[in-house]
Every structure is written in C-alpha cells, then in structure tokens.
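As a plain string of letters, each chain reads:
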Amino acid sequence: VSPSGAADQTAARQANRLVGNTPAAAVIETLQGGLCVRAVGDTVIALAGAPAIGTIDSPRGQRSAPHGKAVALHDDETLTLATPTAGLRQYLAVRGGFARSPVLGSRARDTLAGLGPPLLTAGDTLPITPPRPGHIVGHPEPATVALNEDAAALRVVLGPRDDWFDAASLKRLTETTWQVSPDADRVGLRLIPAGDDPAAAALEREIDDELPSEGCVAGALQVPPAGAPILFLRDHPVTGGYPVIAVVISGDLDRAAQLAPGDRLSFSA
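(A) Geometry of the overall build of the protein chain. Scanning the protein chain for helices and strands turns up three helices and 17 strands. Its C-alpha atoms put the protein chain at 65 × 40 × 30 Å along the principal axes. Split into buried and exposed, the 269 residues of the protein chain put 44% on the buried side. Considering only intrachain contacts with a sequence separation of at least 6, the fraction spanning at least 24 residues in the protein chain is 74%. Measuring between centres, the 22 positive side-chain charges of the protein chain sit 9 Å from its 30 negative side-chain charges.

(B) A look at the sheet that holds strand β1 (residues 28-31). The sheet built from four strands is open, its strands ordered β1-β8-β3-β6 with antiparallel pairing. Pairing within the sheet leaves two strands with one partner each, and these edge strands are β1 and β6 (71-73). Taken pair by pair, the neighbouring strands of this sheet meet at an average axis angle of 35 degrees, ignoring direction. With five bridges joining them, strand β3 (residues 43-49) and strand β8 (residues 89-94) adopt antiparallel strand pairing. Looking across to β8, one finds that L47 is bridged to L92.

(C) How the structure looks around the sheet that holds strand β4 (residues 54-58). The strand order across the open sheet formed by four strands is β2-β7-β4-β5, and the pairing between neighbours is antiparallel. Only two strands of the sheet have a single partner each, and these edge strands are β2 (36-38) and β5 (61-65). Strand-to-strand twist in this sheet, taken as the mean axis angle between neighbours without regard to direction, amounts to 20 degrees.

(D) Looking closely at the pattern of salt bridges. In this structure the tally under the stated criterion is 11 salt bridges. Residues R186 and E29 are paired through a salt bridge, measuring 2.8 Å at the closest nitrogen-oxygen approach. Here the residue R186 occupies a position in the loop between β10 (178-184) and β11 (188-193), and E29 occupies one in strand β1, the gap between them amounting to 157 residues. When the shortest N-O distance is used, the salt bridge between R63 and E77 registers 2.9 Å. Of the two residues, R63 sits in strand β5 while E77 sits in the loop between β6 and β7 (78-81), which places them 14 residues apart along the sequence.

(E) Layout of a nonpolar patch on the surface. Nonpolar side chains collect at one region of the surface, where V1, V103 and L104 lie side by side and expose about 320 Å² of accessible area between them. If you trace the backbone, V1 turns up in the segment before α1 (9-18).

(F) Structural context of the side chain of T30. One can find T30 in strand β1. Among residues more than four places away in sequence, those in contact with T30 are L35, L81, L88, R89 and Q90.

(G) Seen up close, the pairing of β7. As judged from the three bridges shared by β2 and β7, these two strands associate in the antiparallel manner. Directly across from R38, in β7, lies its bridge partner T78. Here four bridges tie β4 to β7, and the two strands are oriented antiparallel to one another. From the neighbouring strand, G54 faces β7, where its bridge partner is L81.

(H) Highlighting α1. Considered for burial, the residues of α1 that qualify are A11, A12, Q14, A15, N16 and L18. Contacts from the buried residues of α1 go to β3 and β8. For α1, the N-terminal capping position is held by D8, with its side-chain oxygen 3.3 Å away from the main-chain nitrogen of T10. G20 sits one or two positions beyond α1 and adopts a positive phi of about 85 degrees.

The rules we used
- Residues numbered from 1 in each chain as written.
- Predicted model: local features only at pLDDT ≥ 70, side-chain atom pairs only at ≥ 80, totals over all residues.
- Heavy atoms only, no water.
- Helix = DSSP H or I, 4+ residues; strand = E, 2+ residues; numbered from the N terminus.
- Buried < 20%, exposed > 50% of the residue type's maximum accessible area, 1.4 Å probe, protein only.
- Contact = heavy atoms within 4.5 Å.
- Lys, Arg positive; Asp, Glu negative; His and termini not counted.
- Charge placed at Lys NZ, Arg CZ, Asp CG, Glu CD.
- Pairing = 2+ DSSP bridges.
- Axes fitted to C-alpha atoms, helices over the stretch in contact; angles between N-to-C directions.
- Salt bridge = Lys/Arg side-chain N within 4 Å of Asp/Glu carboxyl O.
- Patch = residues over 30% accessible without salt bridge, like charges linked within 9 Å, V, L, I, M, F, W, Y side chains within 5 Å.
- Areas by Shrake-Rupley, 256 points an atom, 1.4 Å probe, with all protein chains shown as cover.
- Polar contact = N/O pair within 3.5 Å; in protein donor to acceptor, adjacent residues only side chain to side chain.

Right under this line is the structure:
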C-alpha cells in the first residue's frame, strides 16, 4: 500500500511542533477552509499549511486563532477555519494529538486503497491523547506555503522512462507552464497546459510498446496515452502501466500538495 499520511508533511510537522507534539502525532487535514470543531474540555491548538485565520466563538465573545501560533481552545469554544489566502490544505493540531485507532500503523485515510479510519463527518467526536509532561508549545512560525506565487517551480529527476519520449517532449515537459485540472485529489494531480491549445504540449512517446506494471512513488509523473502528465501524491497507486517520464524530488512534494485546481506550475530537471 502507499505511505499515505499528510499530503503536506512539512505543514503537519509544523502544526505538531507548535503544540509540543512529536512529528508523527495525528492531525486533521482539511481543504479550503470551512472546518468547524468544538472543544470538549480545555486544549491547545495550532494551524499550519495554507494560511488562513481561524475564528474562535465562546460565551465570552469572539477572538482570532492566528496561523502558525499555539492558541488555547477552552471547553465549549468553537473554532471555524476561513478560506486560505494561498494554498489548498490546512492542518489542525491539538496538544497531545488525536487518538484515533491506527490501521497498519497509520491514522491517515488512504483514499485510493480504502484503508485507515473513515473520513471525518459532521458530529464525529475525536478523543485527544494526554500530552506528555515536559513538552512545551513552540514559538510562532511563518507559513510554510509560498504566497502570491505565479507558478510553482518543482524540481524533477528525469526517468526512469524518459527514454520512451522524443526529445521535443522532454523539452516541452520543462518549458511548458502547466495547470492543475479539476481532476485532482490526494491520489494525484492531472495536469494540462496553461495555454489555449492542450494538444500543443502533449508529451509524445518515441516507444509505443506495452509497459509491464512497475512500482510507483509519490512525485512520479506518469504519462497516459493522451500525453497529459499525472503527478502522484501521497495516496498514489503502488504500481502503474504508463511510463514515468520524471519524478518530483521529495523536497518539493509538499509544495505540490498545496496546489489547487487552476494553479500553475513548471518543472526543472
């Protein structure tokens, strides 16, 4: 099965660091705001990932929960997340971490394989693990998501099947400005050229043989027959029968996970 886990690992670790958790503590991953949670008992929270202000409503009035800072959330107070100003995925950590039962050692939901705890729904109650003594909350930190970025620049290593494509296609891969299509989720991002003529940037094969199914990793750029690449994310299939022209380096995968439909990106080898 795929590793799954938080799509943006850097942001998830930051959220945990801010509340004094270990890096692997369970967090909530949510898209484009709108998440609303109510505290049962007092706790400490932190928001990371796509920057957005949280609003806390309580019997004593309303206050904000800034991004990148540990904030107290008292009993019966409600936190609501706004739409991010940049990026896609937000992360909510609580001091101690969420205590869901792991499946194969993970509390994430593998959306492709259908493994792990079910997706959260309205009315769910999530127990919190008691925090470990001596672990203090962290200092405020800046957002890990780039703001006002015209096109995300992702670095790739060519191969393992770059030799299946002609020289013109390898050039188009790195010279084209790509756009995330609406067909995007935790499994992967289907990419289209940002221009008006999608066919002009199709990646064409030089070898048309059938490819036996091969292992795939997060960051793989798989190219189906239509010539538009698919960038695999955390819930990617573990094998695939289309050639992989290049692989996004691990250091840029978290940036890719924050790309929303319509966002632009480019590749450099």
